[in-house]
Amino acid sequence: MTTPTTTKIGDRQLLGASVLPYSIDTQHNNLYILLGAEARQVRWSESGKFSDFGGRAAPHETAEACAAREFYEETCAMLTIGDTVHSVSDIETLLKNNKFTFKITTIIDATRYYTTFVKQIPFSASICRKYADKV
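The following paragraphs examine the structure supplied in this document. (Residues numbered from 1 in each chain as written. Predicted model: local features only at pLDDT ≥ 70, side-chain atom pairs only at ≥ 80, totals over all residues. Heavy atoms only, no water.)

## Regarding helix 2 (residues 88-96)
Selection rule: Using a 1.4 Å probe on the protein chains alone, a residue whose accessible area is under 20% of its type maximum counts as buried, one over 50% counts as exposed, and one in between counts as partly exposed. A run of H or I in DSSP counts as a helix once it spans at least four residues, and a run of E counts as a strand once it spans at least two, with each numbered from the N terminus. Arc definition: directions from the helix axis to the C-beta atoms. Two residues qualify as a contact provided that any one of their heavy atoms is within 4.5 Å of a heavy atom in the partner residue.
Among the residues of helix 2, those classed as buried are I91, E92, L94 and L95. The buried residues of helix 2 occupy an angular sector of 160 degrees when projected down its axis, which confines them to one face. Where helix 2 is buried, its residues contact strand 2 (12-25), helix 1 (63-74) and strand 8 (112-120). Just downstream of helix 2 lies N98, where phi reads positive at about 60 degrees.

## A closer look at the environment of K103
If you trace the backbone, K103 turns up in strand 7 (residues 102-107). Note: C-alpha distance between K103 and V19 (84 residues apart in sequence) is 9.0 Å.

## Considering helix 1
One turn of the α-helix equals 3.6 residues, which is why residues spaced by three or four share an orientation. Short version of the rule: Given a helix with a known number of residues, its expected span is that number minus one, times 1.5 Å.
The end-to-end C-alpha distance of helix 1 is 16 Å, a good match for the 16 Å that 12 residues give at a rise of 1.5 Å each. Within the sequence span of helix 1, burial applies to A63, E64, A65, C66, A67, A68, E70 and F71. Packed against the buried residues of helix 1 are strand 2, strand 6 (53-56), helix 2 and strand 8. At the C-terminal side of helix 1, C76 shows a positive phi close to 55 degrees.

This is how it looks when you write it as structure tokens:
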């Protein structure tokens, strides 16, 4: 099986990928970055902190596929990032077609890298209340 070229940067393998959604409130001229709260777990030092929506890549997974899968899982499929985005494959297609504002590629070390897709979503003043009761 050949590895897709998008899973490598030079000799580095994709460690993981994520989607970082943001919104602009044009009425008040504010930019909002949407983060998810990690579950609180006693033996996990990163628990309770806020992060984007992403995680570790599966073997031979592209950055777009990993980010789409993780975004879908971590938002419990309740948050859409496009007009017709309703599944992991919809999100992956959107990312593969460069329908994001920009992406950040972070070199982790000599063998690994991580990709974050920054994507604008429609502004909703009630977004916090909308999802607070769902988790």
